[in-house]
Amino acid sequence: QVQLVESGGGLVQPGGSLRLSCAASGSSFSINVMGWYRQAPGKQRELVAVINSAGSTNYADSVKGRFTIFGDNAKSTTYLQMNSLKPEDTAVYYCNGNIFDYGLGFVSEYWGQGTQVTVSS
């Protein structure tokens, strides 16, 4: 079974940068789409950015021009580079994968455990 493990969250001042990582591991799999979501206290989880196997990306309007999603296929790792961070970016960030598991023989959706990002002075 595929597992997603996130890292890179933390406390940063407004205007600062952070890079989140999401490493996929398992016996044999193929990634279709990877995405980053976030959930702030009292709010619904929202999509931040997605990237598909062809490298096409899409972003929430609130992060366009500040966040970049990209992947390293050799490491099965997806990154979210976050620049010009704002207090309203504070949330728990989750990675999500639409992944074909060769052992199971079908596509499943997987979630990471979440990593806290806090933007505050």
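Scroll up to find the structure this text is about.
Residues numbered from 1 in each chain as written. Predicted model: local features only at pLDDT ≥ 70, side-chain atom pairs only at ≥ 80, totals over all residues. Heavy atoms only, no water.

## Some remarks on the packing of aromatic side chains
Overall, the coordinates contain 4 aromatic pairs when judged by the stated rule. Aromatic side chains Y94 and W111 sit 6.5 Å apart centroid to centroid with 85° between the ring planes, which places their arrangement in the edge-to-face category. Placement of the pair is Y94 in strand β9 (residues 91-101) and W111 in strand β10 (residues 106-111), with a sequence separation of 17 residues. Ring geometry for F100 versus Y102: centroids 4.9 Å apart, planes at 85°, classification edge-to-face. On the basis of relative accessibility, which here comes to 24%, the residue F100 falls in the partly exposed class. Through a chain of ring-to-ring contacts, the aromatic side chains of Y37, Y94 and W111 assemble into a single cluster. Positioned over the ring face of Y94 is R45, at 3.8 Å from the centre of the ring. A cation over an aromatic ring shows up here: R45 above the ring of W111, its NZ or CZ 4.7 Å from the ring centre. (Phe/Tyr/Trp six-rings, centres within 6.5 Å; stacked < 30°, edge-to-face > 60°. Helix = DSSP H or I, 4+ residues; strand = E, 2+ residues; numbered from the N terminus. Buried < 20%, exposed > 50% of the residue type's maximum accessible area, 1.4 Å probe, protein only. Lys NZ or Arg CZ within 6 Å of the ring centre and 35° of its normal.)

## So, the pairing of strand β5 (residues 46-52)
The sheet contact formed by strand β4 (residues 29-39) and β5 spans 6 bridges and is antiparallel. Pairing of M34 across the sheet is with I51, part of β5. Connecting β4 to the antiparallel partner β5 that follows it, the hairpin turn spans 6 residues, and G42 within it adopts a positive phi of roughly 75°. Two elements, β5 and strand β6 (residues 57-59), share 3 bridges in a ladder whose sense is antiparallel. Bridge pairing in β6 places I51 opposite T57. Where β5 folds back onto β6 in an antiparallel hairpin, the turn is made up of 4 residues, including G55, whose phi is positive at roughly 90°. (Pairing = 2+ DSSP bridges.)

## A short note on the nonpolar core
L4, W36, V48, F67, L80, M82 and Y93 are the most contacted members of the largest nonpolar core, which has 29 residues in total. Taken together, the elements giving at least two residues each to this core come down to β3 (18-25), β4, β5, β7 (67-72), β8 (77-82), β9 and β11 (115-119). Discounting residues that sit within four places of it in the chain, F67 has contacts with R38, V48, Y59, L80, Q81, M82, N83, L85, D89 and Y93. (Core = buried A, V, L, I, M, F, W, Y, C linked by side-chain atoms within 4.5 Å. Contact = heavy atoms within 4.5 Å.)

## Topic: the environment of G65
Among the secondary structure elements, G65 is positioned in the loop between β6 and β7. Residue classification places G65 among the exposed positions, given a relative accessible area of 85%. Separated by 17 residues in sequence, G65 and M82 have C-alpha atoms that sit 9.6 Å apart.

## Here's the deal with the state of the cysteines
In this structure the tally under the stated criterion is 1 disulfide. Between the sulfur atoms of C22 and its disulfide mate C95 the distance is 2.1 Å. With the S-S dihedral at roughly 55°, the linkage between C22 and C95 falls on the right-handed side. One end of the pair, C22, is in strand β3; the other, C95, is in strand β9, and 73 residues separate them in sequence. (Disulfide = S-S within 2.5 Å.)

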